[in-house]
Amino acid sequence: MRIDMVGVVTLILVFLAWLVFGAIFLFRKKAPKAEETKRVAAAKWGIALQGVGFALVGSFHRAQWWWLPPSLLGEVMPAAVTIAQE
């Protein structure tokens, strides 16, 4: 069994970024309660449609999605961009 270390490190770093982001909201000082605003019912349909889109795109098998020859730099660069945008 071969493990893709670049992918594993990227996954761990993105997960840690999510944990830090979540901790900021979990442990921040709460603002005073404001009057609740009305929510648009159509927003729920947009969220559901986005979820269906992600599920459809994620279900397709892509044998080779990178057009350049396999290389370590070809793995590290997209991983770095992924981590940087988190």
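Residues numbered from 1 in each chain as written. Predicted model: local features only at pLDDT ≥ 70, side-chain atom pairs only at ≥ 80, totals over all residues. Heavy atoms only, no water.

## Quick word on the packing of aromatic side chains
Inference 1: Evaluated as defined, the whole model comprises one aromatic pair.
Inference 2: Between Phe21 and Phe25, the ring centres sit 5.0 Å apart and the planes meet at 70°, which makes this aromatic pair edge-to-face. Separated by four residues within a single helix, Phe21 and Phe25 lie in helix H1 (residues 5-26), roughly one turn from each other.
Inference 3: Judged by its relative accessible area of 43%, Phe25 falls in the partly exposed class. (Phe/Tyr/Trp six-rings, centres within 6.5 Å; stacked < 30°, edge-to-face > 60°. Helix = DSSP H or I, 4+ residues; strand = E, 2+ residues; numbered from the N terminus. Buried < 20%, exposed > 50% of the residue type's maximum accessible area, 1.4 Å probe, protein only.)

## Some remarks on the packing of H1 against helix H3 (residues 72-85)
Inference 1: At a closest axis distance of 10 Å, the pairing of H1 and H3 adopts a crossing angle of 5°. Overall, the two elements H1 and H3 adopt an arrangement that is roughly parallel. Contact with H1, carried on its side by Val6, Thr10, Leu13 and Val14, involves Leu72, Glu75, Val76, Ala79, Thr82 and Ile83 of H3 and no other residues of that element.
Inference 2: When the residues that make up the contact of H1 with H3 are grouped by side-chain class, the tally is seven nonpolar, two polar and one charged. (Axes fitted to C-alpha atoms, helices over the stretch in contact; angles between N-to-C directions. Parallel < 35°, antiparallel > 145°, perpendicular 65-115°, else oblique. Contact = heavy atoms within 4.5 Å. Nonpolar A, V, L, I, M, F, W, Y, C, P; charged D, E, K, R; others polar.)

## Structural notes on H1
Inference 1: In this model H1 runs 31 Å from its N-terminal to its C-terminal C-alpha over 22 residues, within 8% of the 32 Å that 1.5 Å per residue would give.
Inference 2: Val6, Thr10 and Val14 are the residues of H1 that are buried. The buried residues of H1 all sit within an arc of 60° when viewed along its axis, so they share a single face. Set apart from the buried face of H1 by more than 90 degrees, the exposed residues are Met5, Leu11 and Leu26.
Inference 3: Summarising the contacts, the buried residues of H1 are in contact with H3. (Expected span 1.5 Å × (residues − 1). Arc of directions from axis to C-beta.)

## Some words on the confidence of the model for the chain
Inference 1: With 92% of its residues at a pLDDT of 70 or more, the chain shows a mean pLDDT of 82.
Inference 2: Averaged over each element, pLDDT in the chain is lowest for H3 (84) and highest for H1 (89). (pLDDT = per-residue confidence, 0-100.)

## Some words on the side chain of Thr10
Inference 1: Residue placement: Thr10 occurs in helix H1.
Inference 2: The residues touching Thr10, leaving out its near neighbours within four places in the chain, are Ala79, Thr82 and Ile83.

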